[in-house]
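Residues per chain are reported as follows:
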Amino acid sequence: MLLCMAYELVQSTRLWYADAGTGKPILLLHGFPLDSRIWDDILPLLTPHRRVITLDLRGFGQSDESPAFSMRQLALDVAGFITLKKLGPCCVAGLSMGGYVAQELASEHPELLSHLILLDTKAESDNTEARNKRIEMAKLARDQSAQAVADQMMPKMLAPQHTPEVEAKLRTIMQSQRTETIAHACIAMRDRENYLNTITSLSFPVDMIVGQHDAISSPELMRFMHQKVNYGRLFEIPNAGHITPMENPQATATAILQSTENL
Ligand code: MLT
């Protein structure tokens, strides 16, 4: 697998990305508080068949740190990246918070997209209780550590039968994020729009992938989203919770390949 890893300067921020494979591109967006490493196990399964680009959103992973940002800012970064790299219109696949960014992008710049894949995510915005929890988590990150955030999130992230290796890698990824980025992302997620009207109005396919045991974005919730969109397929991934590409890379890669067979 020939892999190019580099930085692209977008909106005055250097975003780290990796680009491998050939063909029509699929851009993968990670969740919270994570980075592109969540895709490591599916890249070797996808890149013999597709061109795949993974990106660290501003502040996360190897991308530059950032002052406070909104979901719209994250989507504008992705729009800028797609434009600079001449990728559009292309397939964007976002997991959880990456799914919020992808839906925000679809509402702001649908012309840059040919296909949306939403993994383990939600369309509706936070209710009051969830919004209050975002503030508490931002405070936890700032007052304590990324480790404290990981401790709080871990019980909901993975399927009950997950392996110690997957848990250890997920913890490493979560604990390595900047605490300020975690806090900014909490506020960006708290303030995100309701994307249900966006996804129901799109004229390209909107596919859904969800872990059978996802405790954050449940299969019921994603079945409801699937029923609302104009075109799209729903893939339920066995033996996986919220982080499908790490928990069941084979089934997740197969779903992405089937979803994009007519790109
Ligand atoms: C994620 O995995 O990105 C988060 O669980 C999203 C969220 O908290 O809404």
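Just above sits the structure.
Attention in this report is confined to the structure presented alongside it. None of these values were measured; they are calculated from a predicted model.

A separate point is the side chain of Ser 259. By the element assignment, Ser 259 lies in helix H11 (residues 249-259). Judged by relative accessible area, Ser 259 falls into the buried class, the value being 8%. For Ser 259, the side chain forms a polar contact with the side chain of Asp 207, separated by 2.6 Å. The residues contacting Ser 259, other than those within four sequence positions of it, are His 115, Ile 117, Asp 207, Arg 233 and Phe 235.

Moving on to the nonpolar core. Core analysis: the largest hydrophobic core is formed by 89 residues, its most contacted members being Phe 32, Val 92 and Leu 116. Leave out the neighbours within four places in its chain, and Val 92 touches Leu 27, Leu 29, Ile 82, Ala 102, Leu 105, Leu 113, His 115, Leu 116 and Ile 117.

In this structure the tally under the stated criterion is 18 salt bridges. Here Asp 35 and Arg 37 are joined by a salt bridge, their closest N and O atoms 2.8 Å apart. On the basis of relative accessibility, which here comes to 31%, the residue Arg 37 falls in the partly exposed class. When salt bridges with common partners are traced through the structure, they connect Asp 126, Arg 134 and Arg 192 into a single cluster.

This paragraph deals with unusual backbone geometry. Most peptide bonds are trans, and most residues other than glycine sit at a negative phi. A cis geometry characterises the amide bond from Phe 32 onward to Pro 33, with omega recorded as -10 degrees. Locating Pro 33 in the fold gives a position in the loop between strand E3 (25-29) and helix H1 (43-46). Each neighbour pair has its own omega, and for Gly 88 with Pro 89 the value is -10 degrees, a cis peptide bond. Summarising the element assignment, Pro 89 is placed in the loop between helix H2 (71-84) and strand E5 (90-95). A positive phi angle, near 45 degrees, is found at Asp 120, a position not held by glycine. Relative to the helices and strands, Asp 120 resides in the loop between strand E6 (113-119) and helix H4 (128-143).

Before going further, it helps to examine helix H9 (residues 219-228). Burial in H9 covers these residues: Pro 219, Met 222 and Met 225. What you see down the axis of H9 is that its buried residues fit within an arc of 120 degrees, all on one side. H9 presents Glu 220 and Gln 227 as exposed residues on the side facing more than 90 degrees away from its buried surface. Those residues of H9 that are buried are in contact with E6, helix H8 (196-201), strand E7 (206-211) and strand E8 (234-237).

In spatial order, the strands read E1-E2-E4-E3-E5-E6-E7-E8; together these 8 strands make up an open sheet with mixed pairing. Looking at strand neighbours, the two that pair on one side only are strand E1 (3-10) and E8, the edges of this open sheet. The mean inter-strand angle of the sheet, taken between neighbouring strand axes irrespective of direction, is 20 degrees. Relative to strand E2 (residues 13-20), E1 is paired through 8 bridges, and the arrangement is antiparallel. Within E2, the position partnered with Leu 9 by the bridge is Arg 14. In this fold H2 packs onto E1, E2, E3, strand E4 (51-55) and E5, with an angle of close to 120 degrees to the strand it touches most, E1. Packing of helix H3 (residues 97-108) onto the sheet brings it into contact with E3, E5 and E6, and relative to E6 it is tilted by some 150 degrees.

Definitions and limits used
- Residues numbered from 1 in each chain as written.
- Predicted model: local features only at pLDDT ≥ 70, side-chain atom pairs only at ≥ 80, totals over all residues.
- Heavy atoms only, no water.
- Helix = DSSP H or I, 4+ residues; strand = E, 2+ residues; numbered from the N terminus.
- Buried < 20%, exposed > 50% of the residue type's maximum accessible area, 1.4 Å probe, protein only.
- Polar contact = N/O pair within 3.5 Å; in protein donor to acceptor, adjacent residues only side chain to side chain.
- Contact = heavy atoms within 4.5 Å.
- Core = buried A, V, L, I, M, F, W, Y, C linked by side-chain atoms within 4.5 Å.
- Salt bridge = Lys/Arg side-chain N within 4 Å of Asp/Glu carboxyl O.
- Arc of directions from axis to C-beta.
- Pairing = 2+ DSSP bridges.
- Axes fitted to C-alpha atoms, helices over the stretch in contact; angles between N-to-C directions.

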